[in-house]
Amino acid sequence: MNLEELNLTPEWDKVFPKSGKVDHKKVTFHNRYGITLAADMYTPKGAEGKLPAIAVSGPFGAVKEQSSGLYAQKMAELGFLTIAFDPSYTGESGGMPRYVASPDINTEDFCAAVDFLSVQENVDPERIGIIGICGWGGMALNAAAIDTRIKATAAMTMYDMTRVTANGYFDSEDSEQARFEKRKAMNAQRIEDYKSESYALAGGVVDPLPEDAPQFVKDYYAYYKTPRGYHPRSLNSNGGWNVTSSLSFLNMPILQYSSEIRSAVLLVHGEKAHSRYFSETAYSKLTGDNKELLIIPGANHTDLYDQMDIIPFEKLKTFFSEYLR
């Protein structure tokens, strides 16, 4: 599928409808590794003065034209200046090689978004928050642990990508031998990549969908592989990450200092989500009276990507209004 087949245009290449309540424009900024990041900025129509601002990214393997853009647009309708950005090496953002992730650089991407927002004439630099979705929920928490400029963080249907990479789902592969086998396979792939002068892709969401696929894989398929959420630049919709992209996630766990986050944190997860345990564990390590875990009854992991009647936007409005004032 391409933009034309999805009834998208270069002027509006998102998988969600355009709102008449906000102004939209494309912007770029750079992180401290020199990578240029591409973003969509959403501003409430008619807004005056310096606004509270929110940077949004995720899910892991998605682009800003999908879930993060939907969140950014809606939060702009609720009164915040927002940006939805493509992480380094993905989408319209820079960085070579393509389709690689990093626990360090992708945490820095959130901090770079704060840099950018802090110098906008219509943004109050003392009122900046972030939203991370899925794997970028973990990155957002990691950013909150290092960046004292971030006053509030919401992690939606979060994954800890370092935990799931090193330990497998539900920690079922949490053994030295299992990690050794993963390292061995990926290091062998490094040699093949070096020989071919290209990087093998791991594949996005499985397609065609096997009849015996786990329910959460079916949920991913329903978002990434159908017009509901498919986008031609999305890794999960297409060829996926580099096979060797997971190496650093095996060796550099995030959230080591999450217990030291002093700013406000809201974790939101679906009751029926296979990934719920990531938020529950993360919440158990947070300290202070400005932390909250909200479980949405009956919701699965991808419901919080785009289901407007399930995503608790009024709660997000209340949360950010309180801590970005």
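This one's a predicted model, so the numbers in the text were calculated from it and none came from an experiment.

1. Focus: the overall build of the chain
The number of helices and strands found in the chain is 10 helices and 8 strands. Looking at the chain as a whole, 56% of its 325 residues are labelled buried. Of the accessible surface of the chain, which amounts to about 14200 Å², a share of 50% is contributed by carbon and sulfur atoms. In the chain, the 33 positive side-chain charges and the 42 negative ones have mean positions that sit 3 Å from each other.

2. Quick look at the sheet that holds strand 6 (residues 150-156)
Backbone-to-backbone hydrogen bonds join strands into a sheet, with any given pair of strands oriented parallel or antiparallel. Ordered in space as 1-2-4-3-5-6-7-8, the 8 strands form an open sheet in which the pairing is mixed. Each edge of the open sheet carries a strand with a single partner, namely strand 1 (22-30) and strand 8 (291-296). Strand-to-strand, the axes of this sheet are offset by a mean angle of 20°, without reference to chain direction. In terms of strand pairing, strand 5 (residues 123-133) meets strand 6 through 6 bridges, oriented parallel. Its bridge partner being in strand 6, Ile 128 is matched across the sheet by Ile 150. Helix 2 (residues 105-118) rests against strand 1, strand 2 (36-44), strand 3 (51-57), strand 4 (81-85), strand 5 and strand 6 of the sheet, and its axis sits at about 150° to strand 5. Lying over the sheet, helix 8 (residues 276-285) contacts strand 7 (264-270) and strand 8, oriented at roughly 155° with respect to strand 7.

3. Concerning the layout of surface pockets
Approximately 860 Å³ is the volume found for the largest pocket. As for the largest pocket, its lining consists of 29 residues, and the residues nearest its centre are Phe 60, Met 161, Tyr 169, Asn 236 and Trp 241. Sorting the residues of the lining of the largest pocket by element identifies helix 4 (161-167), helix 5 (176-196) and helix 6 (215-224) as the ones contributing at least two each. At 4 residues, helix 6 tops the list of elements feeding residues into the lining of the largest pocket. The residue inventory of the lining of the largest pocket, partitioned by class, reads 18 nonpolar, 9 polar and 2 charged.

Calculation notes
- Residues numbered from 1 in each chain as written.
- Predicted model: local features only at pLDDT ≥ 70, side-chain atom pairs only at ≥ 80, totals over all residues.
- Heavy atoms only, no water.
- Helix = DSSP H or I, 4+ residues; strand = E, 2+ residues; numbered from the N terminus.
- Buried < 20%, exposed > 50% of the residue type's maximum accessible area, 1.4 Å probe, protein only.
- Areas by Shrake-Rupley, 256 points an atom, 1.4 Å probe, with all protein chains shown as cover.
- Lys, Arg positive; Asp, Glu negative; His and termini not counted.
- Charge placed at Lys NZ, Arg CZ, Asp CG, Glu CD.
- Pairing = 2+ DSSP bridges.
- Axes fitted to C-alpha atoms, helices over the stretch in contact; angles between N-to-C directions.
- Contact = heavy atoms within 4.5 Å.
- 1 Å grid on protein atoms, 1.4 Å probe; cavity = no way out; pocket = protein on both sides within 12 Å on 5 of 7 lines; lining within 4 Å.
- Points joined across faces, edges and corners; volume = space filled by probe spheres on them.
- Nonpolar A, V, L, I, M, F, W, Y, C, P; charged D, E, K, R; others polar.

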